[in-house]
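Here's the letter readout for the chains.
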Amino acid sequence: MIRTVEWEPHVSAPVLAAYSYCEAVTGQQARNFAYGIRLLPTPKRRAMSALYAFSRRVDDIGDGALADGIKTERLEDTRKLLTRIRTGVVDEDDIDPVGVALAHAAETFPIPLDGLDELIDGVLMDVRGETYETWDDLKVYCRCVAGAIGRLSLGVFGTEPGARGAERASEYADTLGLALQLTNILRDVREDAEGGRTYLPADDLAKFGCSAGFKGPKPPEGADFAGLVHFEVRRARALFAEGYRLLPMLDRRSGACVAAMAGIYRRLLDRIERDPEAVLRGRVSLPGREKAYVAVRGLSGLDARHVTRRTVRRRA
């Protein structure tokens, strides 16, 4: 079998070491994400690992056991690192491998680094313990912590020359991020409640008798928990349908990466829909073989072709 050799500019040893660190973090901490980015050519895969490693650092600060004041200080320190990256003053021999890798990625691809500022803003909302009355309120948070990641990723992927509707690619990437985040919120509803956090909109919780929260393996007495989950699943599905319009605008391997990551979360959504109370008993996940199937499906272009056909039918 003849293997295609990917061309890439020379990368120095310190930068390669920094990327290796970021890829190790990604492989250990983000199984779903890692399944998707392994489909990318090496330069894009490394850049996505650098974005993940920086984002993971921000999330770990927010989720850690430190006092809120210290969390805020550390998040602002991370923002200072981002400013150094943005202004081009992070050298290859810097002691922070994430900073080195992200700086190189930002020089290689048109990554909108302001999206990482939004991520920090979103995690600061967690630190302050903000809750959300309506879906419109929750969307602000989701756009910070997930929509921004979609837009950052698009900076690495790029769009195909002449792709129809490419001027809306950033909007679709943002919407797909919202779909992933809402799926995360449903999956982690009990874990978040045990940590003192509630993300689902208060008016949705009230509508289905779930305002008492979720701190055990059973829903609140008299609550229509299944109704609440199915309501949020429909919302997530609508976001996926809109966000999937991005796929035909990407090159084959970038589209496969996005289809794989989104496909894994859509299958999680299917499992949650079939057994809503499963999210109260433990974390819902997919076995490795199913993730591999989703990755193969994405690489084959089936999801992108499906979206293209559906879009054409709607325009006809």
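Predicted model, so just to flag it, every value in this text is computed and none were measured. (Residues numbered from 1 in each chain as written. Predicted model: local features only at pLDDT ≥ 70, side-chain atom pairs only at ≥ 80, totals over all residues. Heavy atoms only, no water.)

*Asks:* How do you make sense of helix α5 (residues 97-108) when you look at a structure like this?
*Replies:* Every α-helix winds through 3.6 residues per turn, so residues three or four apart in the chain are directed the same way. The end-to-end C-alpha distance of α5 is 17 Å, a good match for the 16 Å that 12 residues give at a rise of 1.5 Å each. Considered for burial, the residues of α5 that qualify are Val 98, Gly 99, Val 100, Ala 101, Leu 102, Ala 103, His 104 and Ala 105. Those residues of α5 hidden inside the fold are in contact with α1 (13-29), α3 (42-63), α4 (68-86) and α6 (114-127). Between the side-chain oxygen at the start of α5 and the backbone nitrogen of Val 98 there is a gap of 3.0 Å, and the oxygen is on Asp 96. (Helix = DSSP H or I, 4+ residues; strand = E, 2+ residues; numbered from the N terminus. Expected span 1.5 Å × (residues − 1). Buried < 20%, exposed > 50% of the residue type's maximum accessible area, 1.4 Å probe, protein only. Contact = heavy atoms within 4.5 Å. Polar contact = N/O pair within 3.5 Å; in protein donor to acceptor, adjacent residues only side chain to side chain.)

*Asks:* What's the story with the nonpolar core in this structure? I'm lost.
*Replies:* Across soluble globular proteins, nonpolar side chains show a tendency to be buried alongside one another. Leu 116 and Phe 214 are the most contacted members of the largest nonpolar core, which totals 97 residues. Tallying contributions element by element places helix α7 (residues 135-157) first for this core, with 11 residues. Leu 116 has contacts with Leu 51, Phe 54, Ser 55, Leu 82, Leu 102 and Leu 152, leaving out every residue within four places of it along the chain. (Core = buried A, V, L, I, M, F, W, Y, C linked by side-chain atoms within 4.5 Å.)

*Asks:* Could you clarify how one ought to interpret the confidence of the model for the protein chain in this entry?
*Replies:* Parts of the model with low pLDDT should not have their predicted coordinates read in detail. Averaged over all residues, the pLDDT of the protein chain equals 88, while 88% of them reach at least 70. Predicted confidence is poor over residues 1-7, with pLDDT under 50, and the contacts of this stretch with residues over four places away or in other chains come to four contacts. Segment residues 307-316 is flagged for pLDDT under 50; beyond a separation of four residues in sequence, or across chains, it makes 10 contacts in the model. (pLDDT = per-residue confidence, 0-100.)

*Asks:* Can you walk me through the packing of α3 against α5 in this structure?
*Replies:* Packed helices, taken two at a time, are described by their axes: the angle between them and the distance between them. It is the contact of α3 with α5, at a shortest axis distance of 9 Å, that shows an interaxial angle of 135 degrees. On the basis of the axis angle, α3 is oblique to α5. Regarding α3 and α5, the two cross each other, and that crossing is left-handed. Between α3 and α5, the contacting residues are Ala 47, Ala 50, Leu 51, Ala 53, Phe 54 and Arg 57 on the first element and Val 98, Ala 101, Leu 102 and Ala 105 on the second. For the contact of α3 with α5, a count of residues per class yields nine nonpolar, no polar and one charged. (Axes fitted to C-alpha atoms, helices over the stretch in contact; angles between N-to-C directions. Parallel < 35°, antiparallel > 145°, perpendicular 65-115°, else oblique. Left-handed = near helix turned anticlockwise from the far one by under 90°. Nonpolar A, V, L, I, M, F, W, Y, C, P; charged D, E, K, R; others polar.)

*Asks:* I'm lost on the environment of Gly 62 in this one. Help?
*Replies:* Secondary-structure assignment places Gly 62 in helix α3. Placed 62 residues apart in sequence, Gly 62 and Leu 124 show a C-alpha to C-alpha distance of 7.3 Å. Once residues within four sequence positions are removed from consideration, Gly 62 is found in contact with Lys 71, Val 123, Val 127 and Arg 197.

*Asks:* Teacher, can you tell me more about the packing of aromatic side chains here?
*Replies:* When we look at a pair of aromatic rings, we describe it by the centre distance and by the angle of the planes. The full count for this structure, using the stated rule, is five aromatic pairs. Centre to centre, the rings of Phe 208 and Phe 231 are 5.7 Å apart; their planes meet at 45 degrees, and the pair counts as tilted. Of this pair, Phe 208 sits in the loop between α10 (202-207) and α11 (225-243) while Phe 231 is found in helix α11, placing the two residues 23 residues apart along the sequence. Among the aromatic residues, those joined into a ring-pair cluster are Tyr 132, Tyr 141 and Tyr 199. Stacked on the ring of Tyr 244, the Lys or Arg Arg 266 has its end atom at 4.9 Å from the ring centre. (Phe/Tyr/Trp six-rings, centres within 6.5 Å; stacked < 30°, edge-to-face > 60°. Lys NZ or Arg CZ within 6 Å of the ring centre and 35° of its normal.)

*Asks:* Explain the pattern of salt bridges to me, please; I cannot follow it from the model alone.
*Replies:* Any two side chains of opposite charge can pair, on the condition that their charged atoms come close. By the definition in use, this model includes 29 salt bridges. In this structure, Lys 44 engages Asp 251 in a salt bridge whose closest nitrogen and oxygen atoms are separated by 3.0 Å. With Lys 44 in helix α3 and Asp 251 in the loop between α11 and α12 (252-274), the pair connects residues that are 207 residues apart, well separated along the chain. Of the two residues, Lys 44 and Asp 251, neither departs from the other in class, the shared state being buried. When the shortest N-O distance is used, the salt bridge between Arg 283 and Asp 188 registers 3.1 Å. Pair noted here: Arg 283 is in the loop between α13 (278-281) and α14 (288-300) and Asp 188 is in the loop between α8 (169-187) and α9 (189-194), with a separation of 95 residues, a long-range link. On the accessibility criterion, Arg 283 (49% relative accessible area) is partly exposed. In the salt-bridge network here, residues are joined through shared partners; they are Glu 76, Arg 79, Arg 86, Asp 114, Asp 117 and Asp 121. (Salt bridge = Lys/Arg side-chain N within 4 Å of Asp/Glu carboxyl O.)

*Asks:* So what exactly am I meant to see when it comes to the packing of α8 against α12 here?
*Replies:* Relative orientation of the contacting elements α8 and α12 amounts to 35 degrees, with a least axis distance of 10 Å. Once α8 is placed against α12, the crossing between them reads as left-handed. Residues Leu 176, Leu 180, Thr 183, Asn 184, Leu 186 and Arg 187 of α8 lie in contact with α12, whose contacting residues are Val 258, Met 261, Ala 262, Tyr 265, Leu 268, Leu 269 and Ile 272.

*Asks:* Is there a simple way to explain a negative patch on the surface in this structure?
*Replies:* The grouping of Asp 91, Glu 92, Asp 93 and Glu 107 at the surface amounts to a negative patch. Mapping Asp 91 onto the fold places it in the loop between α4 and α5. For Asp 91, a relative accessible area of 49% puts it in the partly exposed group. (Patch = residues over 30% accessible without salt bridge, like charges linked within 9 Å, V, L, I, M, F, W, Y side chains within 5 Å. Areas by Shrake-Rupley, 256 points an atom, 1.4 Å probe, with all protein chains shown as cover. Lys, Arg positive; Asp, Glu negative; His and termini not counted. Charge placed at Lys NZ, Arg CZ, Asp CG, Glu CD.)

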